[in-house]
Amino acid sequence: MKLAEALQERADLNRKIEELGARLRNNCLTQEGEKPEEDPAALLTELDACVRRLEKLMAGINLANCATGVDGRTLTELIAEKDSLNVKLSHYKNVIHTASQKTQRATRSEIRILSCVDVSDLQKQADAMARRLRELDNTLQQCNWTTDVEI
């Protein structure tokens, strides 16, 4: 199985587990004398099987990410860089948005609000981060379709 396929299956399993949890909550109580729409025991059995499969997938994915190298770095390191860059870029975008807002003054005697940061410079940095994120994502996607995973 390719890493990309394992990642897709993991995402599907996560969605299915959430759905099973909701179905369990909807069927774990019933009015006396009535039956639930679905058998909670069967749902629990299905949930357990999905979680076991998810555990195997996660272990295989993590091992593949640690063992696969690109330009002297593991996929795990590239993923960590991508995740941290996403956090940083999000905050830069928030600062750029806030600092770019124009405040309207009704009269000249009102207090002027000024930006404390160089929005243009921050925007250039944010653009560079976004470009690096695209490059990382392309590299990761390429590796995902060429890396085999033992499950």
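Everything quoted here is computed from the prediction, not taken from an experiment.

## Concerning the overall build of the chain
Each helix and strand in the chain was counted, giving 4 helices and 2 strands. Going residue by residue from the N terminus, the α and β elements of the chain occur as α-α-β-β-α-α. The long-range share in the chain, meaning contacts at least 24 apart out of those at least 6 apart in sequence, stands at 73%. Averaged over its 22 positive side-chain charges, the chain has a centre that lies 10 Å from the centre of its 25 negative ones.

## Brief notes about the nonpolar core
Counting 27 residues, the largest nonpolar core has Leu3, Leu75 and Leu78 as its most contacted members. Once residues within four sequence positions are removed from consideration, leucine 3 is found in contact with Ile61, Ala64, Asn65, Leu75, Asn144, Thr147 and Val149.

## Describing the side chain of asparagine 27
By the element assignment, asparagine 27 lies in helix α1 (residues 3-27). Polar contacts involving the side chain of asparagine 27 include one to the main-chain amide nitrogen of glutamate 38, which spans 3.0 Å. Among all residues touching asparagine 27, those that are not within four sequence positions of it are Pro36, Glu37, Glu38, Pro40 and Leu43.

## Points about the side chain of threonine 147
Take threonine 147: it is sitting in the segment after α4 (119-144). Here the side chain of threonine 147 touches cysteine 143 through a polar contact of 2.7 Å, landing on its backbone oxygen. If we skip the residues at most four places from it in the chain, threonine 147 touches Met1, Lys2, Leu3, Ala64 and Thr68.

## Looking at the pattern of salt bridges
Where charged atoms from two side chains of opposite charge come close, those side chains can pair. In this structure the tally under the stated criterion is 10 salt bridges. The shortest N-O distance in the salt bridge between arginine 23 and glutamate 19 comes to 3.2 Å. Here glutamate 19 and arginine 23 lie together in helix α1, a separation of 4 residues that amounts to about one turn. With relative accessibility at 43%, the residue glutamate 19 sits in the partly exposed group. When salt bridges with common partners are traced through the structure, they connect Arg73, Glu81, Arg132 and Glu135 into a single cluster.

Thresholds, definitions, all that
Residue numbers run consecutively from 1 along every chain, following the written order of its sequence. Local features are withheld for residues below a pLDDT of 70 in this predicted model, meaning they are given only at 70 or higher, and side-chain atom pairs are given and counted only at 80 or more; totals for whole chains, interfaces and linings count all residues. Side-chain calculation: all heavy atoms of the structure are included, whereas hydrogens and water are not. Under the scheme used here, helices are H or I runs from DSSP no shorter than 4 residues and strands are E runs no shorter than 2 residues, and both carry numbers assigned from the N terminus. Residue contacts follow a heavy-atom distance rule, with two residues in contact if any of their heavy atoms lie within 4.5 Å. Charged-residue counts in this description rest on Lys and Arg as positive and Asp and Glu as negative, His and the chain ends being excluded. Working definition for charges: the position is that of NZ of Lys, CZ of Arg, CG of Asp or CD of Glu. Joining through side-chain atoms within 4.5 Å is the link that ties buried Ala, Val, Leu, Ile, Met, Phe, Trp, Tyr and Cys residues into a set, and such a set is a nonpolar core. Exposed residues in this analysis have more than 50% of their type's maximum accessible area, buried residues have under 20%, and partly exposed residues fall in between, with area computed by a 1.4 Å probe over protein chains only. Pairs of N or O atoms within 3.5 Å make up the polar contacts considered here, provided that, within protein, one atom can donate a hydrogen while the other can accept it, and that residues adjacent in sequence are counted only when both atoms are side-chain atoms. Between Lys or Arg on one side and Asp or Glu on the other, a salt bridge is scored when a side-chain nitrogen of the former is within 4 Å of a carboxyl oxygen of the latter.

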